[in-house]
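Observations on the model geometry
Residues per chain, in single letters:
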Amino acid sequence: MATLPVISISPYVRKETSTERERLATSEALHKACRDFGFFYLDISSFANDAEMNTLMELARQFFALPQERKDLISIRNQDSAR
């Protein structure tokens, strides 16, 4: 059984210390996780404080509490190639 990927977006947050190659690898990992799993763990521990993490957790709870029809509106199946 496969496990959900854990992806750090640190290369995008810390652009001054990351390379274009690292950012591309992060983008590819995000795309693959969305395509293959539909979900991933986002590792923000290197730059977010506790208050920010708590806010993000609350936003996630609110999103997942939405009716499925509302969440389906942003499904990758509905993508318009503009993202």
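Fair warning: this is a prediction, and the values are worked out from it, not measured in the lab.

Moving on, we come to the overall build of the protein chain. Helix and strand counts for the protein chain stand at four helices and two strands. Along the protein chain, helices and strands appear, N-terminal first, in the series β-α-α-β-α-α. Taking the principal axes of the C-alpha coordinates as reference, the protein chain spans close to 40 × 30 × 30 Å. Residues counted as buried form 13% of the 83 residues belonging to the protein chain. Taking as baseline every contact in the protein chain between residues at least 6 positions apart, the subset at least 24 positions apart corresponds to 49%. When the accessible surface of the protein chain is totalled, it reaches about 6,900 Å², and 57% of it is carbon and sulfur. Each charge class in the protein chain can be summarised by its mean position, and for the 11 positive and 12 negative side chains these summaries are 4 Å apart.

Take the layout of surface pockets next. Over the atoms a probe the size of a water molecule is rolled, and this reveals where empty space is left. Each pocket or cavity is described by its volume, and for the largest pocket that value is around 1,100 Å³. Breaking the lining of the largest pocket down by element, the ones donating at least two residues are helix H2 (20-36), strand S2 (41-43), helix H3 (50-65) and helix H4 (68-72). Across the lining of the largest pocket, the residue classes tally to 15 nonpolar, six polar and four charged.

Further remarks concern the environment of Arg35. Here Arg35 shows up in helix H2. Among the polar contacts made by the side chain of Arg35, one reaches the side chain of Asp36 at a distance of 2.8 Å.

Tallied over the entire structure, the rule returns two aromatic pairs. Geometrically, the ring pair formed by Phe39 and Phe64 is edge-to-face, given 5.7 Å between the ring centres and 65 degrees between the ring planes. Of this pair, Phe39 sits in the loop between H2 and S2 while Phe64 sits in helix H3, and the two are 25 residues apart along the sequence. Ring geometry for Phe63 against Phe64: centres 5.0 Å apart, planes inclined by 80 degrees, an arrangement best described as edge-to-face. You can call Phe63 partly exposed: its relative accessible area is 29%. Feature note: the residues Phe39, Phe63 and Phe64 constitute an aromatic cluster, connected by ring pairs.

To continue, consider the pattern of salt bridges. By the definition in use, this model includes four salt bridges. In this structure, Asp36 engages Lys32 in a salt bridge whose closest nitrogen and oxygen atoms are separated by 3.0 Å. With a gap of four residues between them, Asp36 and Lys32 both fall in helix H2, about one helical turn apart. Taking the relative accessible area as the measure of exposure, Asp36 reaches 41% and is therefore partly exposed.

What counts and what doesn't
- Residues numbered from 1 in each chain as written.
- Predicted model: local features only at pLDDT ≥ 70, side-chain atom pairs only at ≥ 80, totals over all residues.
- Heavy atoms only, no water.
- Helix = DSSP H or I, 4+ residues; strand = E, 2+ residues; numbered from the N terminus.
- Buried < 20%, exposed > 50% of the residue type's maximum accessible area, 1.4 Å probe, protein only.
- Contact = heavy atoms within 4.5 Å.
- Areas by Shrake-Rupley, 256 points an atom, 1.4 Å probe, with all protein chains shown as cover.
- Lys, Arg positive; Asp, Glu negative; His and termini not counted.
- Charge placed at Lys NZ, Arg CZ, Asp CG, Glu CD.
- 1 Å grid on protein atoms, 1.4 Å probe; cavity = no way out; pocket = protein on both sides within 12 Å on 5 of 7 lines; lining within 4 Å.
- Points joined across faces, edges and corners; volume = space filled by probe spheres on them.
- Nonpolar A, V, L, I, M, F, W, Y, C, P; charged D, E, K, R; others polar.
- Polar contact = N/O pair within 3.5 Å; in protein donor to acceptor, adjacent residues only side chain to side chain.
- Phe/Tyr/Trp six-rings, centres within 6.5 Å; stacked < 30°, edge-to-face > 60°.
- Salt bridge = Lys/Arg side-chain N within 4 Å of Asp/Glu carboxyl O.

Keep in mind these values describe shape, not function.
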